[in-house]
Amino acid sequence: MTEEIMNAISGEVFSVWFLIGAALVFWMQAGFAMVETGFSRAKNAGNILMKNLMDFCIGCVMFIIIGFSLLLGEDMLGFIGKPGFDIITDYAKFDWSNFVFNLVFCATTATIVSGAMAERTKFLSYCVYSGVISGLIYPIEAHWIWGGGWLAEMGFHDFAGSCAIHMVGGIAALVGAKMVGARIGKFKRDKSGKVTKVNAFPGHNIVIGALGVFILWLGWYGFNGAACTSSDQLASVFVTTTIAPSVATVVCMIFTWIKYGKPDVSMCLNASLAGLVAITAPCDVTDATGAIIIGAVAGLLVCFGVWFLDYVLHIDDPVGAVAVHMMNGVWGTLATGLFATKTAPGNDTLQGLFYGGGFHLLGVQAIGVLAVAAWTTVTMVIVFAIIKLIFGLRVSEEEEIEGLDEKEHGLTSAYAGFSIVDMSSGTMDENENTHLGEDSYEAASEAKRKAAVPVHDMTQAVKGTSLDTGMNKVVIITKLSRYDRLKKALNELGITGVTVTQVTGCGMQKGSGQMYRGVEMDVTLLPKIKLEVVVSEIPVDAVIETAKKTLYTGKIGDGKIFVYPVSRVVKIRTGEEDFEALQDVE
C-alpha cells in the first residue's frame, strides 16, 4: 500500500514537473529574443522582438488548427498523425499537458530562423513562414521521432530535440538566409562578383545578448529535463546539460584567444548555446565523459560554422543560428550513436559505438539526420520560394538602411529616450600605420606632437580685430580612456568648469583591427568624448599644451583640438557677462 501511494505521489510530482518544464521552455522565447536583438543593430530591435513574439502566438494558432494532431494524432503509415480537432470537439478528454509541452518546443523551432534572417526580411513574409513551419513542417518530422512514426520504430533517439528542433530550425535558417540574401555591406565584391572582403556588423547590445544566453541556459534544464520520469534520470540530465555547454564555452574561449589574440565574447556566448544544442539529443543516455567530449567538439564546431558561412558560403547569419543549431544539432544527434551508455539512469537499451554497442545505433541516427534534413531542406526551399513569389522576402534598400523598426512597425526607436548610434552603418579603408615611433611627449619632435594631436585654431582670423574679445572656446576630442587624466590635468591648470559629451568618431590603425566573430572590423565609429571649455584669464596656449601632453601616446589619432573665438558669455544665474561670468570656472 505504501509503495502504491509513493508511486502515485511520484507520478503526480513528475506530471507537475512536466508542466513546469514546459513553462521554462516558453521562457526561452525571451532568451532567443534577447540574443537575437543584442547581436543585431539597434534600428531593428523592435522588429526582432515582434518576430519572436509572433513565433509563439502564430505557432499556438497553427497548433490548434492542425499542428498538434499531425504530431501526436493517431499514426498514419508512420508518416503523420491523423488530423483532428479534439481540443475543440472533446476538450474534457484532451491531452492538455502534451499540447502545451509540444507547443513550446514547436515555437523554439520557428524562432531559430528569426536571427539568421534578421535586419532585411519582410515582417509579413516572416509571419507566413512561421505559420507554415509551426503547422506543417515541424509537426510532421517530429511525428516521425516522437509521435510513433517510422524513425521511432527504427529506434532513433532524440530525447529533447537536437535533430527534431535545432537541426530543423538551423536548416530552415540556412535556406532562409541564403534566399533572402546578405545585408547591405556585409560582403564586398569586385566587378566579377567575387567576394573580396567580409565586413563585421557588431551587435548593438552584447549585454542583453548575454542575458539571453543565461535565460536560455536556465530554460534548457526544462528543455532537456521535462520528460524525465525519475529523480535519478532528471539529476543525470541536469549534470550532462551543465557539463557540455561549460566545456564548449571554455574550449571556444581558448580557441578564439589563440586564433584572434583575444577571447571573443559573442563567440563564447554562441558556444554556450552550441554545447546545449549538442547535448540535447543524448542528454539522458550519456555520461560525464561523453558530455565533456560532446561539449568540446561543439565549442570548436560553432567557431568553424561561423567562419564557414562568412568566408566559404558567403551567407549572412547575424546571430550564428546555423552554426549553433544546425551544425551542433547534427553533431548532437550523431553523438548519441557514439556516447550512449547503459550506465546512464533509465537507459537499459541504447549503447553507442564508443561504449561497445557497435555501429547499429550510429547508423540509425545517421539515417534519421539525413531523412529529417532532406525533408526540411526540400520543404523550406519550396515554402520560401512561394513566399518570395507572392509577397517578396526582402524589404527595400531604403527600408533596410533606415531600419525595420520605423519602416515595418512605425517605431521610431526601440530605445526611446536614449541616443543610439549605429556603429556599423558604414565602412572605410584602413589608414596607413599610425605609430609615430616615439611614445614620450618630451622626446617627440614638434612634428610628431602635431601629428598625434593636431590643433585647429580658428582664432587667428580675428586677432587684432573687434571680434577678438580675449575669450576662447577650446574643444578637445579624444578617447574615453583619456578622460580622467585630461580632466585632472585641466583642474591642475585652474579650469574647473567643463562640458563633456560622449560622441563617436572615425579612424583606425592599420594592423590593429579588432575581431568580431572571426571577422576583422573596419572600426570606423569609436566611442570618444568631446570636452569643451571657455577660457579668458588662463592662456589658450597653456590649455592646448596641457591637453597635447596629456593625450599624447605616440600615435596619430590620439586626439584633436579646436579653438574658436567667443564673442559673448552670459551666466544665467547671476546675469554676469564675459570675463566676470567665467571666474568660477577658471
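Reference entry: report on the structure contained in this document. Along each chain, residue indices are assigned from 1 in the same order as the chain's sequence is written. In view of the model being predicted, local features appear only for residues whose pLDDT reaches at least 70, and side-chain atom pairs are presented and counted only at 80 or more, with totals across whole chains, interfaces and linings using the full set of residues. The side-chain figures draw on all heavy atoms in the structure; neither hydrogens nor water molecules are used.

### As for unusual backbone geometry
Backbone geometry places Leu77, a non-glycine residue, at a positive phi of 60 degrees. A 1.4 Å probe rolled over the protein chains alone gives each residue an accessible area, and that area as a share of the maximum for its type sets the label: buried under 20%, exposed over 50%, partly exposed in between. For Leu77, a relative accessible area of 89% corresponds to the exposed category. One non-glycine residue with positive phi stands out, namely His314, at about 55 degrees. Counting from the N terminus, the helices are DSSP H or I runs at least four residues long and the strands are E runs at least two residues long. As for its placement among the helices and strands, His314 is situated in the loop between helix H11 (288–313) and helix H12 (321–339). On the basis of relative accessible area, His314 is assigned to the partly exposed category, the value being 26%.

### Observations regarding the packing of helix H9 (residues 231–260) against helix H10 (residues 265–280)
Where H9 meets H10, the closest approach of the two axes is 7 Å, and the angle between their N-to-C directions is 145 degrees. Two packed elements cross with a definite hand, and for H9 against H10 that hand is right-handed. In this structure, H9 contributes Thr240, Thr241, Ala244, Pro245, Ala248, Thr249, Cys252, Met253 and Thr256 to the contact, and H10 contributes Met267, Cys268, Ala271, Ser272, Gly275, Leu276 and Ile279. Among the residues making up the contact of H9 with H10, the classes are represented as 10 nonpolar, six polar and no charged. Note on method: axes are straight lines fitted to C-alpha atoms, helices fitted across the in-contact stretch only, with angles between N-to-C directions ranging 0 to 180 degrees. Crossings are assigned a handedness: left-handed for a near helix turned anticlockwise from the far helix by less than a right angle, right-handed for a clockwise turn. Pairs of residues are marked as contacts when any of their non-hydrogen atoms sit within 4.5 Å. The nonpolar class holds Ala, Val, Leu, Ile, Met, Phe, Trp, Tyr, Cys and Pro. Asp, Glu, Lys and Arg form the charged class, and all remaining residues, Gly among them, are polar.

### Re the nonpolar core
One recurring pattern in soluble globular proteins: nonpolar side chains tend to sit buried together. In this text, buried Ala, Val, Leu, Ile, Met, Phe, Trp, Tyr and Cys residues form a nonpolar core when linked through side-chain atoms within 4.5 Å. Among the nonpolar cores identified, the biggest contains 111 residues, and Tyr129 and Met380 are the most heavily contacted of them. Not counting residues within four places of it along the chain, the set of residues in contact with Met380 comprises Tyr129, Ile133, Ile137, Ala172 and Val175. Judged by nonpolar contacts, the second largest core, of 21 residues, contains Val474, Ile495, Leu531 and Ile544.

### Let's talk about the pairing of strand E11 (residues 559–565)
Two strands qualify as a pair provided DSSP detects at least 2 bridges between them. Direction of pairing for strand E5 (residues 455–457) relative to E11: parallel, over a ladder of three bridges. Counterpart to Asp457 in the pairing with E11 is Val563. As defined by bridge partners, strand E6 (residues 472–479) adjoins E11 across seven bridges and the pair is classed as antiparallel. Looking across to E11, one finds that Val474 is bridged to Val563.

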